[in-house]
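# Coordinates in review
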Amino acid sequence: MIQRRPLLATVAAAWLLGAAPASAAALKATVSQAFQSMLYLPLYVALDEGLFEKAGIEVTKETAGAPSVALSAVISKSAQFSIHGPEWTAVAASKGAPVGVVANVVNGAAVWIATTPDFAFKDVKDLKGQTIVTGLMPTTSTSLFLKLLKENGLSKDDVTLTQVQLGTEPGPFLAGQAKVAVLYEPGLDQVAAKGMKVVLGFPEKYGPYAFSAVSARKDVDPVVAQAFVNGMQAAIRLMQSEPAKAVAVAKKEFPNLDPTVVEAAVKRMMGDKVYPESVDITPDALKIALDTQIALGNLAAQPDYASFVRRDFIIKAMAGQ
């Protein structure tokens with residue numbers, strides 16, 4: 001969800017401002033999410049189904065409005081956890097911030113390409129010369145799309161990108177300003193409900209992909225962190241075993257969306273394995289996600305997996321389920 005200059009500047013500033021040590025937290029925690037996003041459904045299931053309380057922790061959710069702001073809250077200790085793409089945490093760590101990731105939230109590249117019904121799409125090369133509606137950089141959907149073009153012998157100069165604010169992509173697409181759009185959910189199922197075709201899914205193309213994760217400081221209270229990760233693990237397990245409850249929570253969390261679209265979006269993301277099977281983050285899933293950012297010049301190198309991913313919390317959470 002990034003480009004080099006804004007990402008490096010924001011995380012570096014957050015680390016420099018981030019400051020003084022705080023006292024150890026009680027079994028209460030604040031989680032700062034980048035946005036209210038359907039991608040973060042495991043968090044909402046844990047909150048709405050009382051799974052954090054069952055794990056012995058009271059969790060308060062705050063919405064930062066941007067990944068850099070959410071991570072800044074963790075660095076400055078105004079929040080214990082943040083949820084966003086792990087690339088933000090990797091860049092911060094590369095600049096000296098004592099942060100890492102403690103749990104998986106989204107394990108698939110949750111981006112899709114849709115076209116109008118009359119557009120003949122056989123492969124990516126068919127996009128040459130087209131106007132493409134996509135999210136305003138820096139964002140992962142556009143980053144992945146540019147990577148896809150490069151992998152197929154094309155560049156951004158071979159298409160015309162119409163970049164719009166995240167979440168507004170369906171508007172110009174449905175208004176006929178382009179025959180192709182790069183979309184997150186629920187935008188994808190909003191346009192699918194209007195008859196648009198889904199022609200390519202990045203989850204299927206890339207497989208396990210650490211798209212969003214829970215980040216924390218390395219000096220996070222281990223008791224608090226374990227309880228939080230336990231709650232997230234319980235939520236992911238509940239989503240897998242009782243998908244109807246996941247749909248119900250999504251409808252509650254997004255009351256202004258068409259319930260039919262919400263249900264379709266959740267079912268698509270579960271079917272495409274966008275939501276993880278556990279809180280575990282594998283080395284391969286992290287590597288492919290961060291390789292995208294390295295290729296775009298946003299990250300210099302892969303972090304050391306063993307020190308970047310706190311698998312001690314993950315292993316204990318998985319053993320308890």
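Just so it is clear, the structure is predicted and the values come from calculations on it, not from any experiment.

Calculation notes
- Residues numbered from 1 in each chain as written.
- Predicted model: local features only at pLDDT ≥ 70, side-chain atom pairs only at ≥ 80, totals over all residues.
- Heavy atoms only, no water.
- Salt bridge = Lys/Arg side-chain N within 4 Å of Asp/Glu carboxyl O.
- Helix = DSSP H or I, 4+ residues; strand = E, 2+ residues; numbered from the N terminus.
- Pairing = 2+ DSSP bridges.
- Axes fitted to C-alpha atoms, helices over the stretch in contact; angles between N-to-C directions.
- Contact = heavy atoms within 4.5 Å.
- Buried < 20%, exposed > 50% of the residue type's maximum accessible area, 1.4 Å probe, protein only.
- Right-handed = clockwise from strand over helix to strand, strands pointing away.

## Examining the pattern of salt bridges
In this structure the tally under the stated criterion is 14 salt bridges. Between Glu 253 and Lys 61 there is a salt bridge, with its nearest N and O atoms 3.6 Å apart. Of the two residues, Glu 253 sits in helix α11 (residues 243-253) while Lys 61 sits in strand β2 (residues 58-63), which places them 192 residues apart along the sequence. Residues Asp 312 and Arg 310 are paired through a salt bridge, measuring 2.7 Å at the closest nitrogen-oxygen approach. A single salt-bridge network, built from bridges that share partners, covers Lys 77, Arg 217 and Asp 219.

## Section: the sheet that holds strand β7 (residues 160-164)
Here five strands make up an open sheet; going across it, the order is β7-β6-β8-β5-β9 and the pairing mixed. In this open sheet, the two strands that pair with only one neighbour each are β7 and β9 (197-201). Strand-to-strand twist across the sheet, computed as the mean angle between neighbouring axes with direction ignored, equals 25 degrees. Across four bridges, the pairing between strand β5 (residues 112-115) and β9 is antiparallel. Bridge pairing in β9 links Thr 115 to Lys 197. In this fold helix α6 (residues 140-151) packs onto β5, β6 (131-135), β7, β8 (180-183) and β9, with an angle of close to 140 degrees to the strand it touches most, β6.

## Quick word on the pairing of β6
Here is the key point about a regular strand: its side chains alternate between the two faces of the sheet. For β6, a buried count of four out of five residues is recorded, marking the element as mostly surrounded by other parts of the structure. Note that the unit made of β6, α6 and β7 has a crossover that is right-handed. Direction of pairing for β6 relative to β8: parallel, over a ladder of two bridges. Along β8, the bridge assignment pairs Val 133 with Ala 181.

All quantities given are derived from atomic positions and should not be read as evidence of function.
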